[in-house]
Amino acid sequence: MRVAHLLASQSLPQHTCKCSRKDFTLPQLFACLGVKEHLKRSYRGAEAVLRDSEHWCKDIGLRRVPDHNTLQRAAAFLLRARPSGRLLDKVAEWAAVSRILGLSTDPLAVDSTHFESHHVSRHYERRCRQTRKRMRA
């Protein structure tokens, strides 16, 4: 959560606009959404986890836990406004510096379509099988 907050702080604006309520910053909300995705929870589930993990929230400067509606609106903003390009660059830069991906041995591919990777078409599966066969030969 701290790493997500740090990377988001370097690439996202603090607030969506100058007239926003300023209860939470975008980097704080991004870090909370990172917890939601990592633990595979719903917005309500993420809110419950964050309420139970008060020390996580204090680590990133939250005075109170954002409710599920706030998390959902933040996710919608981040996906709609597309400020995530710089954020992905920061994540890639951080991963390269810390050498956690092992890019010297394996290639890296990132999907920015925001579609689930678990649901793929039969055409895509067939093309993957064909490619694997060609690579073995």
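Conventions we followed
- Residues numbered from 1 in each chain as written.
- Predicted model: local features only at pLDDT ≥ 70, side-chain atom pairs only at ≥ 80, totals over all residues.
- Heavy atoms only, no water.
- Helix = DSSP H or I, 4+ residues; strand = E, 2+ residues; numbered from the N terminus.
- Phe/Tyr/Trp six-rings, centres within 6.5 Å; stacked < 30°, edge-to-face > 60°.
- Lys NZ or Arg CZ within 6 Å of the ring centre and 35° of its normal.
- Patch = residues over 30% accessible without salt bridge, like charges linked within 9 Å, V, L, I, M, F, W, Y side chains within 5 Å.
- Areas by Shrake-Rupley, 256 points an atom, 1.4 Å probe, with all protein chains shown as cover.
- Salt bridge = Lys/Arg side-chain N within 4 Å of Asp/Glu carboxyl O.
- Lys, Arg positive; Asp, Glu negative; His and termini not counted.
- Charge placed at Lys NZ, Arg CZ, Asp CG, Glu CD.
- Buried < 20%, exposed > 50% of the residue type's maximum accessible area, 1.4 Å probe, protein only.

*Asks:* Sorry, what's going on with unusual backbone geometry here?
*Replies:* Most peptide bonds take the trans form, and the phi angle of most residues other than glycine is negative. Its identity is not glycine, yet K40 carries a phi of approximately 55°, on the positive side. Tracing the sequence through the fold places K40 in the loop between helix 2 (26-38) and helix 3 (43-52).

*Asks:* Explain the packing of aromatic side chains to me, please; I cannot follow it from the model alone.
*Replies:* Aromatic rings considered in pairs are described by the distance between their centres and by the relative angle of their planes. Tallied over the entire structure, the rule returns zero aromatic pairs. The residue whose ring lies beneath K36 is Y43, and the NZ or CZ to ring-centre distance is 4.6 Å.

*Asks:* Sorry, what's going on with a positive patch on the surface here?
*Replies:* A cluster of basic residues, R126, R127, R129, R132, K133, R134 and R136, forms a positive patch at the surface. With respect to the helices and strands, R134 occurs in helix 7 (residues 122-136). Assessed through its relative accessible area of 55%, R134 is described here as exposed.

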